[in-house]
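Spelled out, the chains give:
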Amino acid sequence: MVPCSRCGRPSVIHQRYSGLNLCAEHFEEDVQRKIRETLRTYRIFSRGGRVAVALSGGKDSSVLLYTLKRIFSHRRDIELIALMVDEGISGYREDTLQNAAALADRLDVPHITLSFREEFGITIDEIAERDLHQAPCTYCGVMRKHLLNKRARELNAIALATGHNLDDEAQTILLNYLRGDVDRLFRLLPKRPKEGLVYRIKPLRRIPEREVAIYAMIHGIFPRGHGSCPNVPRAMRLEVKNILNEIEARHPGTKYSILRGFDKIRELAPDIHVDLHRCERCGEPAGGSVCKTCQLLEGFRAKPL
Ligand code: SF4
Ligand code: ZN
């Protein structure tokens, strides 16, 4: 057994990027330190308030809820509330939602399930069946963000936390560079909250995906549904993920470098000011006169059957 670099007890993880072996206790300390440092960068937790946590029941959002509960356990002025979304994806979502509710109950965190059927009158299964040209994920991502933001705002949440990890962030940054999409790149990390949009935070953005998985195992946060969404392809992201993993294997620390580099550019860049309007149809924040969700759904409904 390889000894922990800090205390000599048996290690549970080797971090190639830091050269450290860590036992369960020092791994916990390392994960918590990174999350606390990330939380400090958002500069919103000096005062209390309600924090909405997007909980899908997968390993990332489960670890997110678990660690936030631990970190804020001494803060009586901070209240967590888990938001779960039922997009209507049969054979997949039922399991993850059950898993999510069980975890929230175990942690004594109140939870609410929001449903595409109730909010938009349609499910992702129905959309996927009828629109054979556009990937269901295009609808799903936009509609989920819409719903989470709306509910978090109604709950007066000071932030909406999502479970994106280091791999997700590095992939998204690289993907946006590859597409030359600078606007979208900077929207990743808003400098300050925008009217009508609840401040989105990503406390796990400095934790590698592999470590999120190991953390979930150590703490018995096992997602029940092991399957993945049937609509998952997202071709280019998968390519970027594989390339990044190959580079990381040869040059440990690359994913962190991508994140650090982007954060520095973000610091130097001016705040891209996007005037937000209210959507003429639904009243939610919109870049133009009609929000992205209403545009997508109207386009979908106008398609011939
Ligand atoms: Fe939605 Fe696509 Fe994710 Fe499935 S893979 S949950 S359709 S965004
Ligand atoms: Zn709208």
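Criteria and thresholds
- Residues numbered from 1 in each chain as written.
- Chains lettered and ligands numbered in written order.
- Predicted model: local features only at pLDDT ≥ 70, side-chain atom pairs only at ≥ 80, totals over all residues.
- Heavy atoms only, no water.
- Donors = N, O, S within 2.8 Å, 3.2 Å for Na, K, Ca; no water.
- Tetrahedral: all angles 85-135°; square planar, octahedral: opposite > 155°, others 65-115°.
- Helix = DSSP H or I, 4+ residues; strand = E, 2+ residues; numbered from the N terminus.
- Near = heavy atom within 4 Å.
- Nonpolar A, V, L, I, M, F, W, Y, C, P; charged D, E, K, R; others polar.
- Buried < 20%, exposed > 50% of the residue type's maximum accessible area, 1.4 Å probe, protein only.
- Contact = heavy atoms within 4.5 Å.
- Domains from an automatic or database assignment.
- Buried area = accessible area lost by both parts, 1.4 Å probe.
- Salt bridge = Lys/Arg side-chain N within 4 Å of Asp/Glu carboxyl O.
- Pairing = 2+ DSSP bridges.
- Axes fitted to C-alpha atoms, helices over the stretch in contact; angles between N-to-C directions.
- Phe/Tyr/Trp six-rings, centres within 6.5 Å; stacked < 30°, edge-to-face > 60°.

Considering the coordination of the zinc ion (ligand 2)
Reasoning step 1: Coordination sphere of the zinc ion (ligand 2), protein contribution only: Cys279 (SG), Cys282 (SG), Cys291 (SG) and Cys294 (SG), at 2.2 to 2.3 Å.
Reasoning step 2: For the zinc ion (ligand 2), the four donor atoms are set out with angles of 106 to 113 degrees between them, so the coordination reads as tetrahedral.
Reasoning step 3: Coordination of the zinc ion (ligand 2) draws on donor residues from a single chain, spaced C-x2-C-x8-C-x2-C in sequence. Here cysteine 279, found in the loop between strand E8 (277–278) and strand E9 (285–286), pairs with cysteine 291, found in the loop between E9 and helix H12 (292–302); they are twelve residues apart in sequence, far enough to count as distant.

Considering the site of ligand 1
Reasoning step 1: Every residue near ligand 1 is listed here: Ile89, Cys137, Cys140, Arg144, Cys229, Asn231 and Val232.
Reasoning step 2: Broken down by class, the residue content of the shell around ligand 1 amounts to five nonpolar, one polar and one charged.

Brief notes about the side chain of glutamine 32
Reasoning step 1: Within the fold, glutamine 32 resides in helix H1 (residues 24–41).
Reasoning step 2: Under the relative-accessibility criterion, glutamine 32 is labelled buried at 14%.
Reasoning step 3: Ignoring sequence-local partners within four residues, the contact set of glutamine 32 consists of Arg70 and Ile71.

Some details on the domain arrangement of the chain
Bring the parts together and some accessible area is lost; that lost area is often taken as the interface size.
Reasoning step 1: In terms of domain boundaries, the chain breaks down into domain 1 (26–272) and domain 2 (275–305).
Reasoning step 2: Here domain 1 and domain 2 have C-alpha centroids that lie 24 Å from each other.
Reasoning step 3: On the side of domain 2, 13 residues touch domain 1, which itself brings 19 residues to the contact.
Reasoning step 4: Carbon and sulfur atoms make up 69% of the area that domain 1 and domain 2 hide from each other, which totals about 1400 Å².
Reasoning step 5: Here domain 1 and domain 2 share one salt bridge between them.

A look at helix H9 (residues 209–218)
Each α-helix turn comprises 3.6 residues. Residues three or four places apart therefore point the same way.
Reasoning step 1: Listing the buried residues of H9 in full gives Glu209, Glu211, Val212, Ile214, Tyr215 and Ala216.
Reasoning step 2: Of the residues trailing H9, glycine 220 is marked for its positive phi of about 65 degrees.

Remarks on unusual backbone geometry
Reasoning step 1: A positive phi angle, near 50 degrees, is found at arginine 43, a position not held by glycine.
Reasoning step 2: In this fold, arginine 43 is placed in the loop between H1 and strand E3 (49–54).
Reasoning step 3: Here the phi dihedral of asparagine 156 falls at roughly 60 degrees; this positive angle occurs in a residue that is not glycine.
Reasoning step 4: Looking at the secondary structure, you find asparagine 156 in the loop between helix H6 (136–154) and strand E6 (157–161).

Structural notes on the sheet that holds strand E5 (residues 111–115)
Reasoning step 1: Taking strand neighbours across the sheet as the criterion, the five strands line up as E5-E4-E3-E6-E7 in an open arrangement whose pairing is parallel. The sheet is open, and its two edges are formed by E5 and strand E7 (200–201), each paired on a single side.
Reasoning step 2: Where E3 meets strand E4 (residues 78–86), six bridges bridge the pair, whose relative direction is parallel. When the bridges of E4 are listed, valine 53 appears paired with alanine 82.
Reasoning step 3: Helix-sheet contacts for H6 involve E3, E4, E5, E6 and E7, and the interaxial angle to E4 is about 145 degrees.

Examining the packing of aromatic side chains
Reasoning step 1: Evaluated as defined, the whole model comprises seven aromatic pairs.
Reasoning step 2: Between tyrosine 139 and phenylalanine 300, the aromatic rings sit 5.8 Å apart at their centres with planes inclined by 80 degrees, giving edge-to-face as the arrangement. Taken together, the positions of tyrosine 139 in helix H6 and phenylalanine 300 in helix H12 put the pair 161 residues apart, joining distant regions of the chain. Summarising the burial analysis for this pair, tyrosine 139 and phenylalanine 300 share the class buried.
Reasoning step 3: Taken together, the aromatic side chains of Phe27, Tyr66 and Tyr215 make up a single cluster linked through ring pairs.

Describing the pattern of salt bridges
Side-chain pairing between opposite charges can occur once the charged atoms of the two side chains come close.
Reasoning step 1: Enumeration over the complete set of coordinates arrives at 23 salt bridges.
Reasoning step 2: One salt bridge connects arginine 9 with glutamate 25, and the closest N-O pair in it is separated by 3.2 Å. Separated by 16 residues along the polypeptide, arginine 9 in the segment before strand E1 (13–15) and glutamate 25 in helix H1 bring together distant segments of the chain.
Reasoning step 3: Between lysine 241 and glutamate 209 there is a salt bridge, and its shortest N-O distance comes to 3.7 Å. Note that lysine 241 is positioned in helix H10 (residues 235–250) and glutamate 209 in helix H9, a separation of 32 residues in sequence.
Reasoning step 4: A relative accessible area of 27% places lysine 241 in the partly exposed class.
Reasoning step 5: Within this structure, Asp30, Arg33, Lys34, Glu37 and Arg206 form a network of salt bridges that share partners.

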